[in-house]
Structure formats: C-alpha cells, structure tokens
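# Residue-level structure breakdown
Chain by chain, the residues:
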Amino acid sequence: MNQIQRKNPFWSLAGPMLAYLGIQWGVQTIIDFVVSMPYILRAYADVLNQGTMPTMQEWFQTCLEALEPAFDLIAAYQVEIAGVTALATFALTIPLFVKDRKLEKMLGVSIAPKMPAVGYGYIVLFGAAGCVAATCLAAMAQLAFYYDAQYQQTAEVLYTAGLPMQLLVLGVVVPVAEEMMFRGILFKRFRERQGFWYSAVCSSVFFAFMHTSTTQTIYALLLGLMLSYLYEKFRTIKAPVILHIVMNMGSVFLTETGGFQWIASDPVRMAAAAIGGAFLCSVTFVLLQRMLSSEGEQHSSGEKRDMF
C-alpha cells in the first residue's frame, strides 16, 4: 500500500473503468453508424422510388438486408477498428496516469530504482516462451476437454487483417492501451489502499472480463497477475508493457507465419513445445526473481548509507 488518501475511493476506481468502457463503446458505435448510414439511406431511397410505403416489418427486413454488406465490412476491418478504439482510450488514461505519478512523486511514495537491461531481457525471453507454452496448452485443453467455438471465431476475425496491421494494432497499440488502464491506473489505485494480491487479483479480474471467450478470459486472468507482479517489482509501467507486447506479437507472428500450425500438426511436437516453453518460463522467472532480490538489497543498502 502507498497510503494515498482519495476523497472517494470507490469512484477513483469505478470512474476510470466506466469511462474507459464508455469510450470504447462510443467509438465503436460511431464507427458502426458511419459505416452503416450510406446503406440505410440507399435502402430508404429505393423504398421511396417504389412509390409504396412499406409496413414496419417490411422496412425492418429491408434494413437488415441492406446492412449485410456493412456488417461484413465492419467484420473485415475489426482489427483496424480495435486500433482506433484503443487509441481513443489514451485521451483518458494518459492524463490520469501522469496525474497519479505526479501525486506519488509529490508525496514521496514511489521512487523506482533503475533496473539493469538484463531484467528487461528476462521479460522478453519469458514472454516469448510463455506465448508458445500458453498457446499450446490452450490448444491441448480444447482438444482434450472443451472446444471453445467463440475463441476460434474471435481468432478468425482478428487474423483477417494483414500481418503489419496485426503487429501494429494487436502487438503494440492494444497492449499499451490495456496496460495503461489495468496496471497503470486500476492496479495502482487498488494498491493505494490494499495489499499486492488483492490489487493484482481485482485488476486482473476486470482485465479478464474484457475478453469474450472462456479461453481468453482464463488466459487474461493469469497474464494479468504476472503483469501486476512485474509492475510491483520493477515499479515502472515499462515492464508489464514489454511483456504484454512480446506475448501478443509472438502469438500474431507465429500464427500468421504458420509456426503454431506446424507445432500443432504433431501431438508430440506440441507437447514438447508446451513443456519446453513452461520450463523456460520457470527458469527465466527464477532468474528474474534473483535479479530483483539482488537489486532490492542494493537499493536498501544505498538508502541506509544515505541515512548516515
């Protein structure tokens, strides 16, 4: 806990979350409206040219038929739309993030020690291995226990765009936008009054609920806990942002280049990839823990020397 006292703790959490959801919904609605209106107007013009006024049911059916190309267009550009909605949330999250960090600095709450470059290297390695392991485990779980049709449908929609657009939006823009909200604001504000695990679990649950399918929800919950841990230990938003970007980029790249398809074509290969990735994640996590413990001891020793 960093003991920052806010006038209304509930709305300091609920306000940004509701505003974040409102921005996403509002931008999505505006885009849907802009795309759909030409088709509705064209259908209305066709009805007027017929010279007869249709019933309400007939008009509703006409609109549905006219909007089918608009729905197809929106689905085809869902990645680009996701990028626009994510960028729009920066208008909320960046000012709040900057304001919170200034408040912490003013109160002397958070002075982040400078982490060595090797720490961020461990994060990259952890993310690359975790991406392979998590995807293989999810695929194996669906084959053995539960087939998540919604997860497959979501994946098909997201992977319709070209590789450069996917890497930009799904690999960079969306992870940064989500980290600014769920770690940079939500987790840190929970942390003002609660312990680490309470803050990490609560912020990760909200993060998980932003994902639609069961598979994505479980994956996002576990990832959210790890991202919160990195933010707690590194005390800079760069750490969770780097991990999130690496995992998303790795997933996009291996999917679009056929890497995951090649792994999944052989059950033994897929099991080996899952086990190997999980083992590499464990080793990297241990090395990261040791580095963080060492840095923490050095930082504490430096503070004690400064006191004398």
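Residues numbered from 1 in each chain as written. Predicted model: local features only at pLDDT ≥ 70, side-chain atom pairs only at ≥ 80, totals over all residues. Heavy atoms only, no water.

- The name recorded for the chain in an unreviewed UniProt entry is CPBP family intramembrane metalloprotease, from Candidatus Mediterraneibacter pullicola.

## Observations regarding the pattern of salt bridges
- The tally for this structure, following the rule as stated, stands at seven salt bridges.
- Between Arg-189 and Asp-100 there is a salt bridge, and its shortest N-O distance comes to 2.8 Å. Residue Arg-189 is located in helix α6 (residues 163-191), and its partner Asp-100 is located in helix α3 (residues 78-107); the two are separated by 89 residues in the primary sequence. Neither residue differs from the other here; Arg-189 and Asp-100 are each classed as buried.
- In this structure, the salt-bridge partner of Glu-104 is Lys-188, at a minimum N-O distance of 3.7 Å. With a gap of 84 residues between them, Glu-104 in helix α3 and Lys-188 in helix α6 connect regions that are remote in the sequence. Like Lys-188, Glu-104 is buried. (Salt bridge = Lys/Arg side-chain N within 4 Å of Asp/Glu carboxyl O. Helix = DSSP H or I, 4+ residues; strand = E, 2+ residues; numbered from the N terminus. Buried < 20%, exposed > 50% of the residue type's maximum accessible area, 1.4 Å probe, protein only.)

## Considering the UniProt feature "transmembrane region" (unreviewed entry) in the chain
- The UniProt entry lists residues 74-98, 119-145, 157-174, 195-212, 241-264 and 270-288 under the feature "transmembrane region" (unreviewed entry), expressed in the numbering used here.
- Across residues 195-212, helical content stands at 78% and strand content at 0%; the span's end C-alpha atoms are separated by 28 Å. (UniProt positions renumbered as here; feature names shortened; annotations may be inferred.)

## What about the packing of aromatic side chains?
- Across all of its chains, the model carries nine aromatic pairs by this definition.
- Aromatic side chains Phe-187 and Phe-196 sit 6.0 Å apart centroid to centroid with 80° between the ring planes, which places their arrangement in the edge-to-face category.
- Phe-187 gets classed as buried once you look at its relative accessible area, which sits at 1%.
- Note on Phe-196: relative accessible area 15%, which makes it buried.
- Pairwise contacts between aromatic rings join Phe-187, Phe-196, Trp-197 and Tyr-231 into one cluster.
- One cation-aromatic arrangement involves Arg-183 over Phe-207; the distance from NZ or CZ to the ring centre is 4.5 Å.
- A cation over a ring is seen here: Lys-188 above Tyr-231, with NZ or CZ 5.3 Å from the ring centre. (Phe/Tyr/Trp six-rings, centres within 6.5 Å; stacked < 30°, edge-to-face > 60°. Lys NZ or Arg CZ within 6 Å of the ring centre and 35° of its normal.)

## Structural notes on a nonpolar patch on the surface
- Taken together, Phe-10, Trp-11, Leu-18 and Leu-21 make up a surface patch of nonpolar side chains, about 440 Å² in accessible area.
- Checked against the element boundaries, Trp-11 lands in helix α1 (residues 9-50). (Patch = residues over 30% accessible without salt bridge, like charges linked within 9 Å, V, L, I, M, F, W, Y side chains within 5 Å. Areas by Shrake-Rupley, 256 points an atom, 1.4 Å probe, with all protein chains shown as cover.)

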